[in-house]
Amino acid sequence: MLNPIPTVRAETIVKEISTEGSSPLLILADNGEQYIAKTTPSQVPLVELINEVLCAYWARCWELAIPSFALVHISQSLADHYRTEKGLLSARYDNCAFSEQLFFGSRAVPCQVELDDYFSGPYHQSQMHYFSNPLDLLKIGVFDQWIGNFDRKPDNPNVLLTQRSDGLLDFSPIDHTAAFGYAINHRQVRDELLYREPKKWLLSHDFVRAIAKFTPPETISDLQPNISTGMEVALDNMDFVFEQIPKSWGFSEKARNHLKSFLGNQERNERIASTYLSYLK
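So, here is what we can say about the structure in this document. Since the model is a prediction, treat every value here as computed from it, not as a measurement. (Residues numbered from 1 in each chain as written. Predicted model: local features only at pLDDT ≥ 70, side-chain atom pairs only at ≥ 80, totals over all residues. Heavy atoms only, no water.)

**Describing the packing of aromatic side chains**
All told, the structure shown has 17 aromatic pairs when counted by the stated rule. Here the aromatic rings of Tyr 57 and Phe 69 are separated by 4.9 Å at their centres, their planes lie at 85 degrees, and the arrangement is edge-to-face. In this pair, Tyr 57 sits in helix α1 (residues 47-61) while Phe 69 sits in strand β4 (residues 69-73), placing the two residues 12 residues apart along the sequence. For the pair Tyr 57 and Phe 69, one class covers both residues: buried. (Phe/Tyr/Trp six-rings, centres within 6.5 Å; stacked < 30°, edge-to-face > 60°. Helix = DSSP H or I, 4+ residues; strand = E, 2+ residues; numbered from the N terminus. Buried < 20%, exposed > 50% of the residue type's maximum accessible area, 1.4 Å probe, protein only.)

Following this line, the structure appears as structure tokens:
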């Protein structure tokens, strides 16, 4: 069951995280949790933030280990205090009206490490025992093709390894701002826009092939109905997920209807649900 997205209030800006793209803020919220908080300098509709909320919920529908998420309020006074005490924020925050803008926040979880920082090869069968479900990496690769996420690829997986309470590792997909092929309006989304060369999808990562190599063929085949179920659950909850988008972000009714129709295309969904098999030959 999906829950409404919570809203938390930042009590401290811990630091700005320097990245090539979004430069998010690490904040401590009033619920005692730390979040990686993102905003966008774009005008309404705030497509990047909308994508984060949509894809976080849909990843949950696919039973992927997405970190907890929330809407984050950061006051202008808190941002001014940070600039006074710790130095300037990057230029992307120059025109940010903090008190008027809700950020998207992904909970910062301890014991997380990037996939390639932990496993750089060569790969061997014993590594499969480290994971709660090794095939989740394949599911993430298919999920990316369903939502057209161009920012997760073999040389930039954007997948964290998260340690569970039982000591096993989960694959946690992060960063969905580039979903739908960088479209600046969701009404523009179409299949042709989401095409990219097979070698640029996460499914071309060497570790994906290693997982397939050390997994029984029947288990690999059984993944397809699981993927189809994830699509169905996401579609069944589409209206609920749409309602979690703040109205101030400008997610129009026409954009919602277009995405619902596009992602509900049965022919496309059947093709994508089986596409991972072609990468494992």
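Continuing now.
**With respect to the pairing of strand β3 (residues 34-38)**
Every regular strand shows the same layout, with side chains that alternate between the two sheet faces. Taken together, the four bridges between strand β2 (residues 25-29) and β3 define a ladder with antiparallel strand orientation. Each residue of the ladder has a partner; that of Leu 25, found in β3, is Ala 37. Sheet topology note: the β3/strand β5 (residues 102-107) ladder contains four bridges and is antiparallel. Following the sheet pairing, Lys 38 is matched in β5 by Phe 104. (Pairing = 2+ DSSP bridges.)

**Considerations on the pairing of β4**
With five of its five residues buried, β4 lies for the most part within the structure. Neither face of β4 is left uncovered, since the one carrying Phe 69, Leu 71 and His 73 and the one carrying Ala 70 and Val 72 both have all their residues buried. Sheet topology places strand β1 (residues 7-16) next to β4; three bridges connect them, and they run parallel. Bridging across to β4, Val 8 finds its partner in Val 72. Pairing of β4 with β5 involves five bridges; the strand directions are antiparallel. Across the sheet, residue Ala 70 finds its bridge partner in β5, namely Gly 105.

**Some points on the sheet that holds strand β6 (residues 112-114)**
Judged by pairing direction, the sheet is antiparallel, and its three strands sit side by side in the order β6-β7-β8 without closing on themselves. Every interior strand has two partners, whereas the edge strands, β6 and β8 (169-173), have only one. Along the sheet, successive strands turn relative to each other by an average axial angle of 30 degrees, direction set aside. Note: β6 against strand β7 (residues 159-163), three bridges, orientation antiparallel. Counted as the bridge partner of Glu 114 is Leu 160 from β7. (Axes fitted to C-alpha atoms, helices over the stretch in contact; angles between N-to-C directions.)

**A look at the pattern of salt bridges**
Evaluation of the coordinates by the stated rule reveals 14 salt bridges. Measuring nitrogen to oxygen at the nearest pair gives 3.7 Å for the salt bridge that ties Arg 164 to Asp 170. One salt bridge in this structure joins Lys 199 and Glu 197, with 3.9 Å as the shortest N-O distance. Through salt bridges with shared partners, a single ionic network connects Lys 38, Glu 52 and Asp 175. (Salt bridge = Lys/Arg side-chain N within 4 Å of Asp/Glu carboxyl O.)

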